[in-house]
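# Architecture at a glance
Next come the chains, spelled out residue by residue.
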Amino acid sequence: MTREQQLIASVQQGRRELFYELVRPYERRVYAAALAILRNEADAEEVCQEAMLKAFAHIPQFRAEARFSTWLIQITVNEALMRRRRDRTVVMEGLAEHPDEEGNYTPRDFADWREIPSEALERKEVRQRLAEALAMLDRKYREVFMMRDMEHLNIQETAEALGISTASVKTRLLRARLMLRDLLAAGWERGWFSRLPFEKGSKPW
Amino acid sequence: MVVSCEAVWREISNYLEDDMDPGLRSAMEEHFRSCQHCNAVLEGTRNVIRLYGDDRMFELPSGFSRRMERWLTRNVVVSRGTWPGWLIAAVAAVLVASSLTLARSLMTPNPPLRSEHAQAGHGIPPDMVVVVTEGAKLFHVPGCEVIHNKDKQRTLTAKEATREGYVPCLRCLRKYLNLAGARRAGAHAEKDEQREAAIRAAVD
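Structure report, in brief.

Rules of the game
Residues numbered from 1 in each chain as written. Chains lettered and ligands numbered in written order. Predicted model: local features only at pLDDT ≥ 70, side-chain atom pairs only at ≥ 80, totals over all residues. Heavy atoms only, no water. Helix = DSSP H or I, 4+ residues; strand = E, 2+ residues; numbered from the N terminus. Buried < 20%, exposed > 50% of the residue type's maximum accessible area, 1.4 Å probe, protein only. Polar contact = N/O pair within 3.5 Å; in protein donor to acceptor, adjacent residues only side chain to side chain. Contact = heavy atoms within 4.5 Å. Axes fitted to C-alpha atoms, helices over the stretch in contact; angles between N-to-C directions. Parallel < 35°, antiparallel > 145°, perpendicular 65-115°, else oblique. Left-handed = near helix turned anticlockwise from the far one by under 90°. Nonpolar A, V, L, I, M, F, W, Y, C, P; charged D, E, K, R; others polar. Buried area = accessible area lost by both parts, 1.4 Å probe. Salt bridge = Lys/Arg side-chain N within 4 Å of Asp/Glu carboxyl O. Expected span 1.5 Å × (residues − 1). Arc of directions from axis to C-beta. Bend = angle between axes of the 7 residues up to and from the residue. Phe/Tyr/Trp six-rings, centres within 6.5 Å; stacked < 30°, edge-to-face > 60°. Lys NZ or Arg CZ within 6 Å of the ring centre and 35° of its normal.

## Some points on the side chain of A:Arg142
All names here are of chain A. Within the element layout of this structure, Arg142 appears in helix α7 (residues 139-150). By relative accessible area, Arg142 is classed as buried at 1%. At 2.8 Å, the side chain of Arg142 forms a polar contact with the backbone oxygen of Ala36.

Spelled out as structure tokens, the structure:
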């Protein structure tokens, strides 16, 4: 039995003081999930706290066949989506919804692309630029990308958490990845997204 | 199989997920070897997945963990207000049942004492384990020397014994009795028991 499984069993048996130890390793992922949906740090933190309480309340029903991290993230995503629905009037979307989800996406021609090494993530400036690029995506692409590529949920889990079909997950994931790739490649060439890599008044997707 | 650049772009995400037909995969690999643009798209997309999937990508706000711990301590460890619904329901059911029991006991008049001379005693712990014997009037601390008919003794709590009308034994429970009157009452009750024990012995 892993340490995590032991902690789960203990909390289920009433050792509530161990709950924080159980969820602590996932704080960052849970926060990232909430932030990707709400795009507001204070709201994201509040939703994380509410989600943890909800997780505690439902932990007697948690079954070992699910991954605890996935279960926790799904609860957080639900909470964040509920919060967004409730506050819909005040959430500002940066970019309009793309009307043609099924249409083909043409990647920009950055054949002389340069890889951004993972070590670059040590620099706050790089992380900030990547976060800015992610924030440029339409919500529906950003959410799918976040859940699959940042939270590492599988396609099915992502579809269930967001209440969409697996086909939609795949389509949105493709677009999100290609759009981010274009943004990053252009940002690298043009000084980290200081100017957007698309024509005046339009988006490349 | 030959695939176009457009077909490669459509499938590049599935390629990275390794979620495709092996024939198409081979065709795409062949395409990447000869198409610089598609190869740049592939590697760039791979780079995106690697960067954003890195744990370092997202920093927690300053003090996040401390606030979370405090929040959970207050709402999970200390507060009982966040118990699961089933637990709240169970606690509520116990409270209701206890209230009903208490109400019933308050509404039920005390049974008459088995000995008209005896007194009920004061301050006897209700959950104290005591023994009674069939047909007797007293309840005793287990092992009391004046228990008659020991082969028919029954163990219960002081509260239950009182409810059944038994009275405290003068010998073993004297500290709970008003001794001035209790000595007389207990003696009467004890005599009653002795007399009845003698009658039973004679009948047997």
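Alright, that's what it looks like, and here's the rest.
## Details of the environment of A:Leu72
Residues and elements named next belong to chain A. For Leu72, the location among the structural elements is in helix α5 (residues 68-86). Separated by 42 residues in the primary sequence, Leu72 and Val30 have C-alpha atoms spaced 7.4 Å apart. When residues no more than four places from it in sequence are discounted, the contact partners of Leu72 are Val23, Tyr26, Val30, Met52 and Ala55.

## Re the packing of α5(A) against helix α8 (residues 155-162) of chain A
All names here are of chain A. Running from N to C, α5 and α8 point in directions that differ by 30 degrees, and their axes come no closer than 9 Å. With respect to each other, α5 and α8 are oriented roughly parallel. As α5 packs across α8, the resulting crossing turns out to be right-handed. Of the residues in α8, those touching α5 at Thr70, Gln74, Val77, Asn78 and Leu81 are Glu157, Ala161 and Leu162. For the contact of α5 with α8, the residue count by class is four nonpolar, three polar and one charged.

## A look at the interface of chain A and chain B
Residue-level contacts link 58 residues of chain A with 46 residues of chain B. Between chain A and chain B, the buried area comes to about 4,900 Å², and carbon and sulfur atoms account for 64% of it. Per-residue buried area on chain A facing chain B is highest for A:Arg16, A:Arg28 and A:Arg177; these three make up 14% of the total on that side. Here chain A and chain B share five salt bridges between them. One salt bridge in this structure joins A:Glu45 and B:Arg67, with 2.5 Å as the shortest N-O distance. Linking chain A with chain B are 13 residue pairs in polar contact (both at pLDDT 80 or more). Those elements giving two or more residues to the side of chain A that touches chain B turn out to be α2 (19-23), α3 (27-38), α4 (41-58), α6 (124-136), α7 and α9 (166-190) of chain A. Residue composition of the side of chain A that touches chain B, grouped by class: 32 nonpolar, six polar and 20 charged.

## Considerations on helix α2 (residues 22-34) of chain B
Residues lying three or four places apart along an α-helix face the same way, a consequence of the helix completing one turn every 3.6 residues. All names here are of chain B. In this model, α2 (13 residues) spans 19 Å end to end at C-alpha, consistent with the 18 Å of a helix rising 1.5 Å per residue. For α2, every residue scored as buried is listed here: Leu24, Ala27, Met28, His31 and Phe32. The arc that holds the buried residues of α2, viewed along the axis, is 140 degrees, so those residues lie on one side. Turned more than 90 degrees off the buried face of α2, the exposed positions are Pro22, Arg33 and Ser34. On its buried side, α2 packs onto α1 (5-17) and α3 (36-52). Between the side-chain oxygen of the N-cap and the backbone nitrogen of Gly23 there are 3.0 Å, and the N-cap of α2 in question is Asp21.

## Notes on α1(B)
Residues and elements named next belong to chain B. The end-to-end C-alpha separation of α1 is 18 Å, in line with the 18 Å expected for 13 residues at 1.5 Å each. Where α1 bends most, at Glu11, the angle is about 50 degrees. Among the residues trailing α1, Asp18 stands out with phi positive, at a value near 55 degrees.

## Some points on the packing of aromatic side chains
All chains considered together, the criterion is met by eight aromatic pairs over all chains. Judged by centre distance (5.3 Å) and plane angle (70 degrees), the ring pair of A:Phe19 and A:Phe56 falls under edge-to-face. With a gap of 37 residues between them, A:Phe19 in helix α2 and A:Phe56 in helix α4 connect regions that are remote in the sequence. Across the pair, exposure class does not vary: A:Phe19 and A:Phe56 are buried alike. With a centroid separation of 5.6 Å and 35 degrees between ring planes, the pair formed by A:Phe68 and A:Trp71 is classed as tilted. Residue A:Phe68 and its partner A:Trp71 are both found in helix α5; the two are separated by three residues, about one turn of the helix. An aromatic cluster is built from A:Tyr26, A:Phe62, A:Phe68 and A:Trp71, whose rings are joined through pairwise contacts. The ring of B:Tyr15 has B:Arg25 sitting right over it, with the charged end atom 4.2 Å from the ring centre.

Keep in mind these values describe shape, not function.
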